[in-house]
Amino acid sequence: MKEWFGTLDGEPFTAFGTSHITIILIYFIVLLTLIFTYKKINKKQYHTLRWVLFSILILAELSYQVWAATNGIWSMKEQLPLHLCSIASIVGAIALITQHKKLITITFFIGFIPPFLALLTPELPYDFPNFRFFIFFIHHITISFVAPLFLVLINDVQLTLKSTFEAYGYLLVYAGIIGFFVNPNIKSNYLYLANPPSTSSPLDLLGSGANYYLQLTLLGLVVFIGLYYFYRICRKGLS
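These notes cover the structure that comes with them. Fair warning: this is a prediction, and the values are worked out from it, not measured in the lab. (Residues numbered from 1 in each chain as written. Predicted model: local features only at pLDDT ≥ 70, side-chain atom pairs only at ≥ 80, totals over all residues. Heavy atoms only, no water.)

**As for the packing of aromatic side chains**
- All chains considered together, the criterion is met by 21 aromatic pairs.
- Considering the side-chain rings of phenylalanine 108 and phenylalanine 109, the 5.0 Å spacing of their centres and the 85° angle between planes classify their relative orientation as edge-to-face. In this pair, the class of phenylalanine 108 matches that of phenylalanine 109, namely buried.
- On the basis of an interplanar angle of 90° and a centroid distance of 6.0 Å, the ring pair of phenylalanine 133 and phenylalanine 134 is categorised as edge-to-face.
- These aromatic residues form a ring-pair network of at least three members: Phe108, Phe109, Phe112, Tyr168, Phe224, Phe230 and Tyr231. (Phe/Tyr/Trp six-rings, centres within 6.5 Å; stacked < 30°, edge-to-face > 60°. Buried < 20%, exposed > 50% of the residue type's maximum accessible area, 1.4 Å probe, protein only.)

**Some thoughts on the pattern of salt bridges**
- One pass over the structure, following the stated rule, counts one salt bridge.
- Between glutamate 166 and lysine 102 there is a salt bridge whose closest N-O contact spans 3.0 Å. Note that glutamate 166 is positioned in helix H8 (residues 161–186) and lysine 102 in helix H5 (residues 101–110), a separation of 64 residues in sequence. (Salt bridge = Lys/Arg side-chain N within 4 Å of Asp/Glu carboxyl O. Helix = DSSP H or I, 4+ residues; strand = E, 2+ residues; numbered from the N terminus.)

**Digging into H8**
- For H8, spanning 26 residues, the distance from its first C-alpha to its last is 36 Å, which sits close to the expected 38 Å at 1.5 Å a residue.
- The sharpest bend along H8 reaches about 35° and sits at isoleucine 178.
- Restricting attention to buried positions, one finds in H8 the residues Ser163, Thr164, Ala167, Tyr168, Leu171, Tyr174, Ala175, Gly176, Ile178, Asn183 and Ile186.
- The positive-phi residue at the C-terminal boundary of H8 is lysine 187, with phi of around 55°. (Expected span 1.5 Å × (residues − 1). Bend = angle between axes of the 7 residues up to and from the residue.)

**Some points on unusual backbone geometry**
- Cis geometry is adopted by the peptide bond preceding proline 129, which originates at phenylalanine 128 and carries an omega value of 10°.
- Looking at the element boundaries, proline 129 is found in the loop between helix H6 (113–120) and helix H7 (131–154).
- Its identity is not glycine, yet phenylalanine 16 carries a phi of approximately 60°, on the positive side.
- Here phenylalanine 16 is to be found in the loop between helix H1 (2–5) and helix H2 (18–37).

Listed below in structure tokens is the structure:
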């Protein structure tokens, strides 16, 4: 149990190894299953799923904090829930409770691509069956599952270009707070605004310095607009 929950033992994580590919396949199976079955979900099933997903989001975030504290690696620089995936998890959890359409819209835009990229290029110390492996993938699959499909499709949220730019504006404000106040004061790298993540990711292609910030801003805008048109295609294809 100590080894399973610890940070000192276990096989190093292998990107696109057997366990990683299995997780990616599970992710796509979950998404495709919801795409083709969401219209058959009745009210009772919806509310059951809503509370199950809420519980997973909360327990996953809390258990990660406990794991980091128990193993003596918790720090303000690394473990505060300020990365985009954590914010999407928190906003998604609130949206699951309140079913507020603006929160659902924000969750859609910030909770689809970041968790998916994290699933493809995870920053993990150990492979299956370490606790961190399980909680990381369960958490990120749930975030991405809640964001693009469950809340938007079942609640019949109508996204527009106006709501797309509004959500992007919220992200810019949050990024400004993190980039200008939080990261410099605690020497952190939340939102990867100081530099790209340690693992290989698309952010490695954005250069450095002012060019990195400019391209990161433009990339975010392109992703938001792309998600809007992806939503339009899904709506048209599923109607």
